[in-house]
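# Structural overview for review
Chain by chain, the residues:
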Amino acid sequence: MQGSNKWVVACLVTAGMFVAFLDTTIVDITLPKMMSTLEADMYDAQWIIIAYFMGAAVAMTLVGWIAESLGHRDTYLAGLLLFVAMSATCGAASSLEAMLLSRFLQGVGEGLLIPVGWLLLSDSFPPQERGLAMGIYGLGAAFAPAIGPSMGGLITEHLSWRWIFYVNVPIGLLDAILVIWLLQNTRRSPRVPLDGIGVLMLSVALSSLVIFVSKGQEKGWLQSDFILLMVMVFAVSFSGFLLWEILSPGPLIPRAVFLNKEVPLALVALGLNSMVAYGVYLLLPVYLQRLKGYTTLDSGLIMLPGSVASALATLLGGAMADRFRPKIVAMAFLLGGAWATWAFRMGYFDPRSAIVWDNLVWGFAISGAFAPLSYLVFASLREDEFSHGSMIINVTRLVAGSIGTAVSTNLLTARQNAFYDAIASRMDWGSRAGGEFLASLGSWLGGMERGAWFDPDTTHMGLETAKRLIQAVAGGEAFMATYRHLALLMLLAAGAVILAKNLKAQGRGPAH
């Protein structure tokens, strides 16, 4: 499929991957409305996001074998059609249970089509343009999640939250028809037996990992028997998976994939980058709507410039990886992302313009690292190992994304309580400063005279208003503190890349 058809392949694959990646974050901004309809609290609503990640991660353990058994195009098509069908059932869900089942199966559809999307692009683009192909691939991986909140806000404001799922149906069906009509079905390596034991153990390990990280804060971590059980299940299943992969004659992931140190180092950096990205994708809409009081549509519009910057940075990062050493390109974007995350202004009194500009800089930096980090993985693999490379990249992204979502939620909750206690403990209502604060509140509440504060109702209203203001200020500080924790993860990602070789493309074949 190389040659003149490569841009046709790019358009078709990007369309399918776009709607799939979009659903990783388009739900974030509509969660408050979905929570009321489905009668769910914040911890229950997390599962709407995490169930999707779990389904995709489990499906991706099988995708390498399925892709070489059915062929690249047919595997992509199967994932796309499943994704479209489950989008319709998500939109029609009337209970939390129905939504979670549909989201899990929708994630299974993504788990099939997303890794194979890279294989279709790799089949059509020549080796010397692999960085550009990764940039196009990254349009879905980085731009779609970034623009998800903006689209979610627009759709929810004018229609309802159910249409964030229904909109996938016509786009997905049209893409499926064109894929059948225009693309050939290809394979890169001969069929091999399925490592069923490896698939089972890895699926159990990934599922238990996501569950205990997501529910740990709610249930008190190891003080909960349920969380302790999940930790034990993960430890046993993952240890068993590693042992099986070492001893098995036909492992799920060829052992040669991990012999080159660039692969695990790049995966660590990709995982940390994904934790930060998905954590921010969750936190920013919550900050804009619940703390600042913006509508769903306004929140989406505030985030839109950052989404556009993400798209440009993704393509730029891929093009730069073709021309310069990907390690240097990745380092530049990761360090820029660490600075942008740390410096993000999210105080209660920070203006709207500050959020727009900070999100624009952050979106550019966080998305530009994707293509060069992926390049470091694929440049260390043979072409017949690309299906495994695509699988482990996307499993890393999804598992890290679900962990980042859970960690960010837990950090925010803990920091908000700590900041509120710290601020409230320093408020002395009998002091001169406290009296001036109450007097200013009285003026703000209706120009009441000093004597009005002796009225119990007025005093109660003033104190309640003060309490809400302190909660708002503490909330802004908690958001910024959480972002600074995430910034440290970006620095760790940069540290992992420092240890990698300074690979550079050398034309056809693997680049060393």
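Residues numbered from 1 in each chain as written. Predicted model: local features only at pLDDT ≥ 70, side-chain atom pairs only at ≥ 80, totals over all residues. Heavy atoms only, no water.

## Side note on the overall build of the protein chain
Secondary structure assignment for the protein chain yields 18 helices and zero strands. Buried residues in the protein chain amount to 58% of all 512 residues. Within the protein chain, residue pairs in contact and separated by at least 24 positions form 84% of the contacts whose partners lie at least 6 positions apart. Of the roughly 20,400 Å² that the protein chain leaves accessible, carbon and sulfur atoms contribute 67%. (Helix = DSSP H or I, 4+ residues; strand = E, 2+ residues; numbered from the N terminus. Buried < 20%, exposed > 50% of the residue type's maximum accessible area, 1.4 Å probe, protein only. Contact = heavy atoms within 4.5 Å. Areas by Shrake-Rupley, 256 points an atom, 1.4 Å probe, with all protein chains shown as cover.)

## Some remarks on the nonpolar core
Side chains that are nonpolar tend, in soluble globular proteins, to be buried together. Among the nonpolar cores identified, the biggest contains 147 residues, and Met-99, Trp-118, Leu-121, Leu-284 and Leu-373 are the most heavily contacted of them. Looking at this core element by element, the count peaks at 18 residues for helix 11 (residues 262-291). (Core = buried A, V, L, I, M, F, W, Y, C linked by side-chain atoms within 4.5 Å.)

## Concerning the layout of surface pockets
Roughly 830 Å³ of internal volume is contained in the largest pocket. Forming the boundary of the largest pocket are 26 residues, of which Phe-238, Phe-258, Leu-267, Val-395 and Thr-396 lie nearest the centre. Where the lining of the largest pocket is concerned, the elements lending two or more residues are helix 9 (196-219), helix 10 (225-247), helix 11 and helix 16 (386-425). For the lining of the largest pocket, the element with the most residues is helix 16, which contributes seven residues. Considering only residue class, the lining of the largest pocket consists of 22 nonpolar, two polar and two charged. (1 Å grid on protein atoms, 1.4 Å probe; cavity = no way out; pocket = protein on both sides within 12 Å on 5 of 7 lines; lining within 4 Å. Points joined across faces, edges and corners; volume = space filled by probe spheres on them. Nonpolar A, V, L, I, M, F, W, Y, C, P; charged D, E, K, R; others polar.)

## What about helix 5 (residues 96-124)?
In a regular helix each residue adds 1.5 Å, so 29 residues correspond to 42 Å; helix 5 covers 42 Å between its end C-alpha atoms and thus fits that length. Of all the 29 residues making up helix 5, 23 are buried; the element is thus mostly covered by neighbouring parts of the structure. (Expected span 1.5 Å × (residues − 1).)

## Remarks on the pattern of salt bridges
With the rule as written, the count across this model stands at three salt bridges. Arg-345 serves as the salt-bridge partner of Asp-358, at 2.9 Å between the closest nitrogen and oxygen. In this pair, Asp-358 sits in helix 14 (residues 352-368) while Arg-345 sits in the loop between helix 13 (326-342) and helix 14, placing the two residues 13 residues apart along the sequence. (Salt bridge = Lys/Arg side-chain N within 4 Å of Asp/Glu carboxyl O.)

## Section: the packing of aromatic side chains
According to the stated counting rule, one finds ten aromatic pairs in the structure shown. Note on Tyr-287 and Phe-479: the rings are 5.3 Å apart at their centroids and 75° apart in plane angle, and the pair reads as edge-to-face. Of the two residues, Tyr-287 sits in helix 11 while Phe-479 sits in helix 18 (residues 456-498), which places them 192 residues apart along the sequence. Residue Tyr-287 shares its accessibility class with Phe-479, and that shared class is buried. Through successive ring pairs, a cluster of aromatic residues spans Phe-234, Phe-238 and Phe-241. Sitting over the ring of Tyr-348, Lys-292 keeps its end group 5.8 Å from the ring centre. (Phe/Tyr/Trp six-rings, centres within 6.5 Å; stacked < 30°, edge-to-face > 60°. Lys NZ or Arg CZ within 6 Å of the ring centre and 35° of its normal.)

## Some thoughts on the environment of Leu-183
As for its position among the elements, Leu-183 is in the loop between helix 8 (168-182) and helix 9. For Leu-183, a relative accessible area of 5% translates into the label buried. Leu-183 sits 110 residues away from Arg-73 along the chain, and the two C-alpha atoms are 7.0 Å apart.

## Considerations on the packing of helix 13 against helix 14
Interaxial distance between helix 13 and helix 14 falls to 8 Å at its minimum, and their mutual angle equals 145°. Helix 13 and helix 14 meet at a crossing whose hand is left-handed. Residues Phe-333, Gly-336, Gly-337, Trp-339, Ala-340 and Thr-341 of helix 13 touch helix 14, and the partners they reach there are Val-361, Trp-362, Phe-364, Ala-365 and Gly-368. Counted by class, the contact of helix 13 with helix 14 contains seven nonpolar, four polar and no charged residues. (Axes fitted to C-alpha atoms, helices over the stretch in contact; angles between N-to-C directions. Left-handed = near helix turned anticlockwise from the far one by under 90°.)

## Notes on the packing of helix 11 against helix 14
The geometry of helix 11 relative to helix 14 is characterised by a closest axis approach of 12 Å and an angle of 160° between their N-to-C directions. Comparing their axes, helix 14 and helix 11 come out roughly antiparallel. Pair helix 11 / helix 14 crosses with left-handed handedness. Contact with helix 11, carried on its side by Asn-273, Val-276, Ala-277, Val-280, Tyr-281, Leu-284, Tyr-287 and Leu-288, involves Ile-355, Asn-359, Trp-362 and Ile-366 of helix 14 and no other residues of that element. The class makeup of the residues in the contact of helix 11 with helix 14 is ten nonpolar, two polar and no charged. (Parallel < 35°, antiparallel > 145°, perpendicular 65-115°, else oblique.)

## Some words on helix 11
Spanning 30 residues, helix 11 covers 42 Å between terminal C-alpha atoms, matching the ideal 44 Å at 1.5 Å per step. With respect to burial, helix 11 is a largely interior element, 26 of its 30 residues being buried. Phi for Gly-293, located one or two positions after helix 11, is positive at around 80°.

## Section: the confidence of the model for the protein chain
Mean pLDDT over the protein chain: 80, with 86% of residues reaching 70 or higher. Ranking the elements of the protein chain by mean pLDDT puts helix 17 (residues 432-446) last, at 59, and helix 4 (residues 72-92) first, at 92. Note on residues 447-451: pLDDT under 50 across the span, and three contacts to partners over four residues away in sequence or across chains. This stretch, residues 506-512, has a pLDDT under 50; its non-local contacts, to residues over four places away or in other chains, come to 21 contacts. (pLDDT = per-residue confidence, 0-100.)

## Brief notes about the side chain of Ser-203
Checked against the element boundaries, Ser-203 lands in helix 9. Those residues within four positions of Ser-203 in sequence are excluded, and the remaining contacts are Val-58 and Thr-61.

## Regarding a nonpolar patch on the surface
Together, Leu-301, Leu-304, Val-308, Leu-312, Leu-316 and Phe-364 make up a nonpolar patch on the protein surface, roughly 490 Å² of accessible area in all. With five residues, the single largest contributor to the nonpolar patch is helix 12 (residues 296-323). (Patch = residues over 30% accessible without salt bridge, like charges linked within 9 Å, V, L, I, M, F, W, Y side chains within 5 Å.)

## Some points on the environment of Leu-22
Within the secondary structure, Leu-22 sits in helix 1 (residues 6-22). Given a relative accessible area of 2%, Leu-22 falls into the buried group. Along the sequence, Leu-22 and Ile-147 sit 125 residues apart, while their C-alpha atoms lie 7.5 Å from each other. Dropping the residues within four chain positions of it, Leu-22 is found in contact with Ala-144, Ile-147, Gly-148 and Met-151.

## Digging into the side chain of Asn-273
Relative to the elements of secondary structure, Asn-273 occurs in helix 11. In this structure, Asn-273 is in contact with Leu-334, Ile-366, Ala-369 and Met-490, ignoring residues within four places of it in sequence.

## A word on the environment of Gly-336
Within the secondary structure, Gly-336 sits in helix 13. On a C-alpha basis, the gap between Gly-336 and Ala-365 in space is 5.6 Å, while along the polypeptide they are 29 residues apart.

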